[in-house]
Amino acid sequence: MTEQLSPELDHLVAGYRRFRHEGWTPKLERWRELGEGQHPQVMIIACSDSRVDPAQIFDTDPGEMFVVRNVAAMVPPFETAPGHHGVSAALEFAVQVLKVREIIVLGHGMCGGCQAALTQSLQGSVPGEGGFIADWIALLDEAREPVVARYGTTGREAERAMEHAGVRTSLANLRTFPCISQKEAKGSLRLTGAFFAISDGVLHLLDEASGTFHPVD
Ligand SMILES: [Zn+2]
């Protein structure tokens, strides 16, 4: 390659070389196995935020988790209106083809998407200038109301409540997919809410009966 790489890509390529040397070569048999096909048991829906990498948090190898990441770790409700339903397509593939046994929705601390949902700061923006985000996080409008009524729209308490509410919303929306609610009722699929903040590095799991998140020991 004659063209000079950007410093950003150069940094990544250096990482790739380390991976080839330290991660790839010692595990050739595992990669060969994965070359034949993937059989992950878990699907994770997480935020695109650079600080919340599910593979790092759960210390997993390639082949273990089927991952969707998007702004605020949202699942839209089951909708058949025309449009490009990327999350729904991934869900369909994970549940019907890969037959994952567990779907985890992983929310996180200091989520910009959740904060924008809380403050509605992007409302009225045109697509490309914040409008796509505003439309996407409008998925949280209903969940936002009780949060605002209790905590207002600013401060960590309000933001964390919104982040937790986002996880509950995605779980509720997952259950609007008939294939998911049927499998959950049959016991062949479990849904779990989780929350991780890089500030303390502690994973929390949602107890759906009480609606609260508890730290994992
Ligand atoms: Zn986020």
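Residues numbered from 1 in each chain as written. Predicted model: local features only at pLDDT ≥ 70, side-chain atom pairs only at ≥ 80, totals over all residues. Heavy atoms only, no water.

A. Expanded view of unusual backbone geometry. Positive phi outside glycine occurs at Asp59, with the angle close to 50°. Along the chain, the position of Asp59 falls in the loop between α3 (54-57) and β2 (65-70). (Helix = DSSP H or I, 4+ residues; strand = E, 2+ residues; numbered from the N terminus.)

B. The arrangement of the pattern of salt bridges in detail. Within the structure shown, the criterion is met by seven salt bridges. Residues Arg156 and Glu163 are paired through a salt bridge, measuring 3.1 Å at the closest nitrogen-oxygen approach. Accessibility expressed as a relative area gives 30% for Arg156, which makes it partly exposed. The exposure class assigned to Glu163 is buried, which follows from its relative accessible area of 3%. Across the salt bridge formed by Glu208 and Arg175, the nearest N and O atoms sit 2.9 Å from each other. You can see Glu208 sitting in the loop between β5 (202-207) and β6 (212-215) and its partner Arg175 sitting in the loop between α8 (156-174) and α9 (178-186), a full 33 residues away along the chain. Assessed through its relative accessible area of 39%, Glu208 is described here as partly exposed. Counted as one network, the salt bridges with shared partners bring together Arg156, Glu159 and Glu163. (Salt bridge = Lys/Arg side-chain N within 4 Å of Asp/Glu carboxyl O. Buried < 20%, exposed > 50% of the residue type's maximum accessible area, 1.4 Å probe, protein only.)

C. Structural context of the coordination of the zinc ion. Distances from the zinc ion to its protein donors, Cys47 (SG), His108 (NE2) and Cys111 (SG), fall at 2.0 to 2.3 Å. All donors to the zinc ion come from one chain, and their sequence spacing reads C-x60-H-x2-C. With Cys47 in strand β1 (residues 42-47) and Cys111 in the loop between β3 (102-108) and α5 (112-119), this pair connects stretches of sequence that are 64 residues apart. As far as burial versus exposure is concerned, Cys47 and Cys111 are alike and both buried. (Donors = N, O, S within 2.8 Å, 3.2 Å for Na, K, Ca; no water.)

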